[in-house]
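This is what each chain is made of:
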Amino acid sequence: QVQLVESGGGLVQAGGSLRLSCAASGRTFSSYAMGWFRQAPGKEREFVAAISWSGGRTYYADSVKGRFTISRDNAKNTVYLQMNSLKPEDTAVYCCAASLRGIVVVTTQAYHFWGQGTQVTVSS
């Protein structure tokens, strides 16, 4: 079992930056692939970014490519999402997730553990 706790959300103006963190419990964090997803009001949950167990591979949704960066520190059991050049359309609840598969995956069904999420609001 893995427990995930996100932090770092908040209110920011368009063009600003935020860094989200996701702290994981458990000794096997380094074997999981990790992902970030987001869900805006009235919309389905969507994939944002993913990173492999080693951190050697990453993948991004087209909507955030070049603006967001996912990284991980396996010694700290933490995955990060650095978000730059934020836009109002980035407003959503952001959740991190862990996949037992270890490789980069983009579908929600491939993830086995989920955090509760953190709100990100970007004002125009």
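Provided above is the structure to which this section pertains.
Here goes a summary of the coordinates provided. Every value quoted in this text rests on a predicted model; they were computed, and no experiment measured them.

**Some points on the sheet that holds strand E8 (residues 78-83)**
Phase 1: Judged by pairing direction, the sheet is antiparallel, and its four strands sit side by side in the order E1-E3-E8-E7 without closing on themselves. For this open sheet the edge positions go to strand E1 (4-7) and strand E7 (68-73), each flanked by a neighbour on one side alone. Mean inter-strand twist for the sheet, computed between neighbouring axes without regard to direction, equals 15°.
Phase 2: In this sheet, strand E3 (residues 18-24) lies alongside E1 in antiparallel orientation, the contact comprising four bridges. What sits directly across from Glu-6, in E3, is Cys-22.

**Remarks on the state of the cysteines**
A covalent bond bridging the sulfur atoms of two cysteines is what the word disulfide describes.
Phase 1: Scanning the model with the defined rule gives one disulfide in all.
Phase 2: Between the sulfur atoms of Cys-22 and its disulfide partner Cys-96 the distance amounts to 1.9 Å. Between Cys-22 and Cys-96, the S-S torsion sits near 50°, and that sign places the bridge as right-handed. Of this pair, Cys-22 sits in strand E3 while Cys-96 sits in strand E9 (residues 92-99); the two residues are 74 residues apart in sequence, bridging distant segments of the chain. For the pair shown, Cys-22 and Cys-96 are each scored as buried.
Phase 3: As a non-bridged cysteine, Cys-95 has Cys-96 as the owner of its nearest cysteine sulfur, 7.5 Å distant.

About the cut-offs
Residues numbered from 1 in each chain as written. Predicted model: local features only at pLDDT ≥ 70, side-chain atom pairs only at ≥ 80, totals over all residues. Heavy atoms only, no water. Pairing = 2+ DSSP bridges. Helix = DSSP H or I, 4+ residues; strand = E, 2+ residues; numbered from the N terminus. Axes fitted to C-alpha atoms, helices over the stretch in contact; angles between N-to-C directions. Disulfide = S-S within 2.5 Å. Buried < 20%, exposed > 50% of the residue type's maximum accessible area, 1.4 Å probe, protein only.

Take it as geometry only, folks, not as evidence of what the structure does.
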